[in-house]
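Listed below, chain by chain, are the residues.
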Amino acid sequence: MQRIIVILCAVLVCFLNSVSAQERFSEDLKLLNQYINPIILISGKKQVIVSSEFQGRILTSTAKGLMGASYGWFNKKLLTSGDSFLQKSKLGGEGRIWFGPDQGPFTLFFEIDSLTGEKKHKSPIDLDTISFPILSKTEKSVTLGNRLKIKNMNGFVFAVDVKRKIALLDEVFVNRSLNVEPGKNNLDYVAYSTNTTMTNIGKENWSKKSGLMSLWDLGCLHPTPGTTVVIPLKKQMDTATVYFTPIDKTRINIKNKVLYYKADADYLNKIGTLPEYTKPYFGSYSPESNVLTIIKFNFEGDMDYVNAHPVNIKNQYRGDVINVFNDGVWNGVGPFGPFYELETSSPAKELKVGESISHYQEIYHFEGSKKELNIISESVLGISINEIERALPN
């Protein structure tokens, strides 16, 4: 038990307590303008805030203009403390670049103390300090990037060139990708894609023996008491990968090849799905906010994913494709937001020098009536809003 608490503290030290209430987009933008030069991608009322200072991080977005809800959670306490530019990895945000694994013998976020021999948490310095200059920009897209060096606990140094493109998606694209027509359904929405590529620019080929590094995209969102994550499954499974703390049927329910998970930021926990169960899309629904979020990502059936489990470390390439983190309190640890996180990873690849791997996502926030959101939910997730609401106890 004590070991789990130590692991939790190390992993989650990246998040400090912040304002709990979801704010308006205009309020978040006003705050950010005081500390960075936000890049605003805009199409009518649809807006997305990206930061060059914080490595192409999507801080938040809105479907309804300045007075609309701000969907992304970021750490306002850290931002205003003056320390955020030396702790960039700790800021949160609706979409950020990350690298896996963050646990296990090949972790990128721990090191062995040379004096004591103890394992201690340490974020890669380049992930905490380096900015991503703008490489190209239009009104509706931006590409940023830089070179990073990241060392794993095994001592192998990954030298990578990272490029990240964020782009607003128009209604024609949304119709084609999701087979829905939100404009006809009287829904407000914002949709954008992220495409992150890393290239091995080191002097050595990557190998499983020395440890591999994957791309990881994580998004912190505002929770509500009724927020439920919905993960359609390729086939029925008995349980998800469970991290940190035990969970029961009040918080997870797997039935009819669908996983339902409570994301209310009221119990510290994390789950994941292995590749054989994963489909390339999932989402979350909040009845209080009337918001349905859909994540669609590139997944082509690869089976090798880095294992970021803190305890079950037997096979380092038997890891999850999708992860969901739920904030909260457990044995005196937390809360750290409040927020919940929707996460997807790239496969683990033995990149030769000069080779690249990319990870692509589409993020959709739909806001409207339950009736209209149901059309999207049934079409994309194959599940009705009523089924989502009944899946877990209130």
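Thresholds applied
- Residues numbered from 1 in each chain as written.
- Predicted model: local features only at pLDDT ≥ 70, side-chain atom pairs only at ≥ 80, totals over all residues.
- Heavy atoms only, no water.
- Phe/Tyr/Trp six-rings, centres within 6.5 Å; stacked < 30°, edge-to-face > 60°.
- Helix = DSSP H or I, 4+ residues; strand = E, 2+ residues; numbered from the N terminus.
- Buried < 20%, exposed > 50% of the residue type's maximum accessible area, 1.4 Å probe, protein only.
- Lys NZ or Arg CZ within 6 Å of the ring centre and 35° of its normal.
- Pairing = 2+ DSSP bridges.
- Axes fitted to C-alpha atoms, helices over the stretch in contact; angles between N-to-C directions.
- Contact = heavy atoms within 4.5 Å.
- pLDDT = per-residue confidence, 0-100.
- 1 Å grid on protein atoms, 1.4 Å probe; cavity = no way out; pocket = protein on both sides within 12 Å on 5 of 7 lines; lining within 4 Å.
- Points joined across faces, edges and corners; volume = space filled by probe spheres on them.
- Salt bridge = Lys/Arg side-chain N within 4 Å of Asp/Glu carboxyl O.
- Arc of directions from axis to C-beta.

**Points about the packing of aromatic side chains**
Each aromatic ring pair is described using two quantities: the centre-to-centre distance and the angle formed by the ring planes.
Logical step 1: This structure, assessed with the given rule, holds 11 aromatic pairs.
Logical step 2: Taking 5.9 Å as the distance between ring centres and 35° as the angle between the ring planes, the aromatic pair formed by Tyr189 and Phe366 counts as tilted. Note that Tyr189 is positioned in strand β10 (residues 188-200) and Phe366 in strand β21 (residues 356-367), a separation of 177 residues in sequence.
Logical step 3: We classify Phe366 as buried; its relative accessible area is 0%.
Logical step 4: An angle of 0° between the planes, with centres 6.0 Å apart, marks the rings of Tyr364 and Phe366 as stacked.
Logical step 5: Look at Tyr364 and you get buried, because its relative accessible area is 0%.
Logical step 6: These aromatic residues form a ring-pair network of at least three members: Trp73, Phe325 and Phe339.
Logical step 7: Positioned above the aromatic ring of Phe74 is the side chain of Lys76, whose terminal nitrogen or guanidinium carbon lies 4.2 Å from the ring centre.

**Here we look at the sheet that holds strand β7 (residues 134-137)**
Logical step 1: Ordered by their spatial adjacency, 10 strands build an open sheet running β7-β8-β9-β10-β21-β18-β17-β12-β15-β14, and the pairing between neighbours is antiparallel. At either margin of the open sheet sits one strand with a lone partner, and together these are β7 and β14 (252-255). Neighbour-to-neighbour, the strand axes of the sheet open up by a mean angle of 15°, direction not taken into account.
Logical step 2: Pairing of strand β17 (residues 281-286) with strand β18 (residues 291-297) involves six bridges; the strand directions are antiparallel. In the sheet register, Tyr281 faces β18, and the bridge partner there is Lys296.
Logical step 3: The sheet contacts of helix α5 (residues 171-178) involve β10, β18 and β21, and relative to β21 the element is tilted by about 105°.

**A short note on the confidence of the model for the chain**
Logical step 1: Residues at a pLDDT of 70 or more form 94% of the chain, whose mean pLDDT is 93.
Logical step 2: Low pLDDT (under 50) marks residues 11-21, which in the prediction has 42 contacts with non-local residues, meaning those over four places away or in another chain.

**Observations regarding empty space enclosed by the protein**
Logical step 1: Counted under the stated rule, the structure contains five cavities of 30 Å³ or more.
Logical step 2: By volume, the second largest cavity is sized at about 150 Å³.
Logical step 3: Along the walls of the second largest cavity sit 15 residues, with Tyr71, His222, Val291, Thr293 and Tyr340 positioned nearest its centre.
Logical step 4: The dominant element in the lining of the second largest cavity, judged by the number of residues it contributes, is β17, at three residues.

**Observations regarding the pattern of salt bridges**
Logical step 1: Across all of its chains, the model carries 17 salt bridges by this definition.
Logical step 2: Linking Lys64 and Glu367 is a salt bridge whose minimum nitrogen-to-oxygen distance equals 3.9 Å. Of the two residues, Lys64 is situated in the loop between β3 (57-62) and α3 (76-81) and Glu367 in strand β21; the sequence distance between them amounts to 303 residues.
Logical step 3: Across the pair Lys184 and Glu181 runs a salt bridge whose closest N-O atoms are separated by 3.3 Å.
Logical step 4: Each of Glu111, Asp113, Lys120 and Lys122 takes part in a single network of salt bridges with overlapping partners.

**Some remarks on helix α2 (residues 25-33)**
Logical step 1: Along α2, the positions that sit buried rather than exposed are Phe25, Asp28, Leu29, Leu31 and Leu32. End-on, the buried residues of α2 take up no more than an arc of 160°, which puts them together on one face.
Logical step 2: Here the buried face of α2 lies against β1 (39-43), β2 (46-51), β3 and α3.

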